[in-house]
Amino acid sequence: MTSLPLVFEAPRRGNPPRHFADLDPAARRAAVTELGLPAFRADQLARHYYARFENDPAAMTDLPPAMREQLAVSLFRPMLTPVRTLEADKGTTRKTLWKLHDGALVESVLMRYPAKFKNGVQVRSDRITVCVSSQAGCGMACPFCATGQGGLTRNLSTAEIVEQVVAAARAAAAGDLAGGPGRLSNVVFMGMGEPLANYNRLSAALHRLIDPAPGGLGLSRRSITVSTVGLVPAILKLADEDLGVTLAVSLHAPDDELRNTLVPVNTRWNVAEVLAAADTYVERTGRRYSIEYAMIRGVNDQPWRAELLGDLLAPRLAHVNLIPLNPTPGSEWDASPKDVEAEFVRLLEVRGVAVTVRDTRGSDIDGACGQLAAAPLEG
Ligand code: SAH
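Undergrad: I tried to follow the overall build of the protein on my own but got confused; where do I start?
TA: When helices and strands are counted, the protein shows eleven helices and 14 strands. Its C-alpha radius of gyration of 21 Å places the protein within 12% of the 21 Å reference for a compact globule of 379 residues. With the principal axes as the frame, the protein shows a C-alpha extent of 70 × 50 × 50 Å. Across the 379 residues of the protein, 53% fall into the buried class.

Right, dumping it as structure tokens:
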């Protein structure tokens, strides 16, 4: 008997099972104590999970076999099942489609930016970044984004977020990316979903990522970027938490009239309010934020918009990250021509605003920004 294609499988209801990665250190000790185990086992499990990226108790051979079985059902149920992995950019980009416990689908993308040398001197170290999803689908409905077209399925649990990062760290360490084994260095919340619409689980996941190893993954705060459409109250809450992660704001237009259509939540919190919240964030962290701006041909790439954007940002501690639009199926929109993009960059730079243009990593496997739609296997 052949199994039905994924597309016909209706998502089942119910919360994701509780997982070790959901728990902070105190809750981990409580959980193992509840299972009748001594509290020190919690630290032993943390070492397996956060330092060795081991999520299968069967492989934790320093634990008694009965305990491994007990842990497998109570704290280490599989959260993510790989459905498919696609490679691009000569093996330096890998996109994985994951199935969650209820059949919901999400994607994450692992990317290596190899060390760069100039005249024999290293100017950039080897960087391995994972782009993770915070929700299955997204409710923000930005018309140029593939994820936005399907609507929101549900929030991911903390463990479903952390497991994407741990899987990436494990793949990097195993040498699954071209260039050999390496260490996961960066995490960007630029996959599916609006991270700040899933605030509590995001926040808990951030703690798991930055807590020093082996209590957590021990990633540096600044190497973690949370990208948002601009949910003002949540930006302010994140500022209050003082986590020190990097903030990225998806602006895409400097004027409310256009931004209302490109980022519909702008009708709730407008450009001025979003930038004010980002400024508050920066006052707390002392680190500049980035403004994401997808360059859409003939839509938001006019010189007057570059001038307006430059004037808005010149007095602020922000830099602009231009993203050539990655076309999505069924949309007539396209990326801006290179000369238009160059002029946009120039107009920002003459106003003293720092600009970078993001590469379109993974675009040939629909793994670039805004292309994550978690489409099940074709055919
Ligand atoms: N919800 C978060 C994360 C989204 S993905 C946010 O909106 O910030 C990360 C970035 O990719 C966002 O800036 C998003 O607007 C952008 N993006 C979405 N679709 C895109 C596309 N088709 N081409 C280029 N960038 C896109």
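Next comes the rest of the account.
Undergrad: Please clarify how the packing of aromatic side chains should be interpreted in this entry.
TA: Any aromatic ring pair is given by two values, namely how distant the centres are and how the planes are angled relative to each other. Per the stated rule, a full pass over the model turns up six aromatic pairs. Their ring planes at 75 degrees and their centres at 5.9 Å tell us that F20 and Y49 sit as a pair that is edge-to-face. Taken together, the positions of F20 in the segment before α1 (25-34) and Y49 in helix α2 (residues 40-52) put the pair 29 residues apart, joining distant regions of the chain. The pair formed by F20 and Y49 is uniform in burial state, with each residue classed as buried.

Undergrad: Got a minute to help me understand the site of the ligand in this structure?
TA: Taken together, 20 residues sit near the ligand, with F144, S227, S250, H252 and N326 positioned nearest. Separating an oxygen atom of the ligand from a side-chain N or O atom of S227 is a distance of 2.6 Å. E292 places a side-chain nitrogen or oxygen 3.2 Å from an oxygen atom of the ligand. For the ligand, whose free accessible area comes to 530 Å², the fraction covered by protein is 97%.

Undergrad: Is there a simple way to think about the state of the cysteines in this case?
TA: In protein chemistry, a disulfide is the covalent bond that joins the sulfur atoms of two cysteines. Per the stated rule, a full pass over the model turns up zero disulfides. Cysteine C138 shares no disulfide, and the gap to the nearest cysteine sulfur, in C145, comes to 6.5 Å. The closest cysteine sulfur to the non-disulfide-bonded C145 is located on C142, 6.4 Å from its own sulfur. Residue classification places C145 among the buried residues on the basis of a relative accessible area of 19%.

Undergrad: When you look at the layout of surface pockets in this model, what are you seeing that I'm missing?
TA: Taken as a whole, the largest pocket spans an internal volume of roughly 930 Å³. Lining the largest pocket are 33 residues, with R127, V188, M190, N321 and R358 positioned closest to its centre. Secondary structure elements with two or more residues in the lining of the largest pocket: β3 (105-113), β6 (127-131), β9 (186-189), β11 (246-250), β13 (318-324) and β14 (355-357). Tallied by class, the residues present in the lining of the largest pocket amount to twelve nonpolar, 13 polar and eight charged. Its boundaries defined by the atoms lining it, the second largest pocket holds a volume of some 390 Å³. Taken together, 24 residues line the second largest pocket, and the ones lying closest to its centre are P82, W98, E163, A167 and R170. Breaking the lining of the second largest pocket down by element, the ones donating at least two residues are β1 (81-88), β2 (93-99), β3 and α5 (158-174).

Undergrad: I tried to follow the pairing of strand β12 (residues 289-295) on my own but got confused; where do I start?
TA: A regular strand places its side chains so that they alternate between the two faces of the sheet. For β12, the tally of buried residues reaches seven of seven residues, placing the bulk of the element in the interior. Here β12 shows no split at all, with Y289, I291, Y293 and M295 on one side and S290, E292 and A294 on the other all buried. As defined by bridge partners, β11 adjoins β12 across three bridges and the pair is classed as parallel. Looking at β12, one finds that V249 is bridged to I291. Running through helix α10 (residues 303-313), the crossover from β12 to the neighbouring parallel element β13 is right-handed.

Undergrad: Mind showing me how you'd approach the pairing of β3 here?
TA: With nine of its nine residues buried, β3 lies for the most part within the structure. The two faces of β3 match: L105, E107, V109, M111 and Y113 on one face and V106, S108, L110 and R112 on the other face are all buried. Both β2 and β3 contribute to a ladder of seven bridges, which runs antiparallel. Considered in β3, the bridge of T93 is made with M111. Here β2 hands over to β3 after five residues, with G103 in that stretch at a positive phi of 90 degrees. With five bridges connecting them, β3 and β6 associate as antiparallel partners. Opposite Y113, over in β6, you have R127 as the bridge partner.

Undergrad: What is the right way to look at the pattern of salt bridges in this model?
TA: Once the charged atoms of two side chains with opposite charge are near each other, the side chains can pair. Overall, the coordinates contain 14 salt bridges when judged by the stated rule. Between E87 and R94 there is a salt bridge whose closest N-O contact spans 3.1 Å. Judged by relative accessible area, E87 falls into the partly exposed class, the value being 47%. Here R94 falls in the buried class, since its relative accessible area comes to 17%. The shortest N-O distance in the salt bridge between D102 and R154 comes to 2.7 Å. Pair noted here: D102 is in the loop between β2 and β3 and R154 is in strand β8 (residues 152-155), with a separation of 52 residues, a long-range link. Each member of the pair, D102 as well as R154, carries the same accessibility label: buried.

Rules of the game
Residues numbered from 1 in each chain as written. Predicted model: local features only at pLDDT ≥ 70, side-chain atom pairs only at ≥ 80, totals over all residues. Heavy atoms only, no water. Helix = DSSP H or I, 4+ residues; strand = E, 2+ residues; numbered from the N terminus. Rg over C-alpha atoms; globule rule 2.2 N^0.38 Å. Buried < 20%, exposed > 50% of the residue type's maximum accessible area, 1.4 Å probe, protein only. Phe/Tyr/Trp six-rings, centres within 6.5 Å; stacked < 30°, edge-to-face > 60°. Near = heavy atom within 4 Å. Polar contact = N/O pair within 3.5 Å; in protein donor to acceptor, adjacent residues only side chain to side chain. Areas by Shrake-Rupley, 256 points an atom, 1.4 Å probe, with all protein chains shown as cover. Disulfide = S-S within 2.5 Å. 1 Å grid on protein atoms, 1.4 Å probe; cavity = no way out; pocket = protein on both sides within 12 Å on 5 of 7 lines; lining within 4 Å. Points joined across faces, edges and corners; volume = space filled by probe spheres on them. Nonpolar A, V, L, I, M, F, W, Y, C, P; charged D, E, K, R; others polar. Pairing = 2+ DSSP bridges. Right-handed = clockwise from strand over helix to strand, strands pointing away. Salt bridge = Lys/Arg side-chain N within 4 Å of Asp/Glu carboxyl O.

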